[in-house]
Amino acid sequence: MDYRGKKVLVTGAASGIGRQIALAYAQAGALVIVADKDYEGDRFVREELRPLVPDCCFFHCDLALASACENLMQSIFEQLDDLDIIINNAGVSQFCSLWEE
């Protein structure tokens, strides 16, 4: 598919599935906005996404905080005017024994 001209926000895109989703959209021509609490997302944008789509950008954001979500969206709309697609991939996994509470 051709996503040239589309603006895509991918949360949790510094690693794992989110990273691959963001890369696929950039390869299809989309301007990808990476939002993550891990600063690895900034390096990923600079080294892998911008060579594909120069305007891709990174926002440091801990989406566990409601105020951070509000600030993220306000910053995006101030800088980019709008979004076409939002991929909410951010999450935290906690593993424990079935017998632990």
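All figures in this text were calculated on a predicted structure; none of them were measured in a lab.

What follows concerns the sheet that holds strand β2 (residues 31-36). In space, the four strands of this open sheet follow the order β3-β2-β1-β4, with parallel pairing throughout. Edge strands, defined here as strands with exactly one partner in the open sheet, are β3 (57-60) and β4 (85-87). Between one strand axis and the next, the sheet turns by 20° as a mean value, whatever way the strands run. Pairing of strand β1 (residues 7-11) with β4, which is carried by three bridges, proceeds in the parallel orientation. Paired with Leu 9 across the two strands is Ile 86, which belongs to β4. Sheet contacts for helix α2 (residues 40-49): β2 and β3; angle to β2, the most-contacted strand, approximately 160°.

Right, let's talk about the environment of Phe 59 for a bit. Mapping Phe 59 onto the fold places it in strand β3. Among the residues examined, Phe 59 registers a relative accessible area of 13% and is labelled buried. It is 11 Å that separates the C-alpha atoms of Phe 59 and Ala 14, two residues lying 45 residues apart in sequence. Setting aside residues no more than four positions away along its own chain, Phe 59 makes contact with Ile 33, Val 34, Ala 35, Asp 36, Leu 72, Ser 75, Ile 76 and Gln 79.

Our focus in this paragraph is the pairing of β3. Pairing between β2 and β3: four bridges, direction parallel. In the strand pairing of β3, Asp 36 is matched with His 60. A crossover links β2 with its parallel partner β3, the connecting element being α2, and its sense is right-handed.

Ranked by size, the top nonpolar core spans 30 residues in total, and within it Ala 22, Val 32, Ile 33, Val 34, Leu 49 and Ile 76 carry the most contacts. Elements that contribute at least two residues to this core include exactly β1, α1 (16-27), β2, α2, β3 and α3 (66-80). No other element matches β2, which puts five residues into this core. Among residues more than four places away in sequence, those in contact with Ala 22 are Val 10, Ala 13, Val 32, Val 34, Phe 44 and Leu 49.

The next thing to look at is the pattern of salt bridges. Taken as a whole and judged by the stated rule, the model has seven salt bridges. The partner of Glu 40 in a salt bridge is Arg 19, with the nearest N and O atoms 3.6 Å apart. Here Glu 40 is found in helix α2, whereas its partner Arg 19 is found in helix α1, with 21 residues between them in sequence. Judged by relative accessible area, which is 26%, Glu 40 ranks as partly exposed. The salt bridge partner of Arg 19 is Glu 48, with a shortest N-O separation of 2.7 Å. One end of the pair, Arg 19, is in helix α1; the other, Glu 48, is in helix α2, with 29 residues separating them in the sequence. A relative accessible area of 13% places Arg 19 in the buried class.

Cut-offs applied
- Residues numbered from 1 in each chain as written.
- Predicted model: local features only at pLDDT ≥ 70, side-chain atom pairs only at ≥ 80, totals over all residues.
- Heavy atoms only, no water.
- Pairing = 2+ DSSP bridges.
- Helix = DSSP H or I, 4+ residues; strand = E, 2+ residues; numbered from the N terminus.
- Axes fitted to C-alpha atoms, helices over the stretch in contact; angles between N-to-C directions.
- Contact = heavy atoms within 4.5 Å.
- Buried < 20%, exposed > 50% of the residue type's maximum accessible area, 1.4 Å probe, protein only.
- Right-handed = clockwise from strand over helix to strand, strands pointing away.
- Core = buried A, V, L, I, M, F, W, Y, C linked by side-chain atoms within 4.5 Å.
- Salt bridge = Lys/Arg side-chain N within 4 Å of Asp/Glu carboxyl O.

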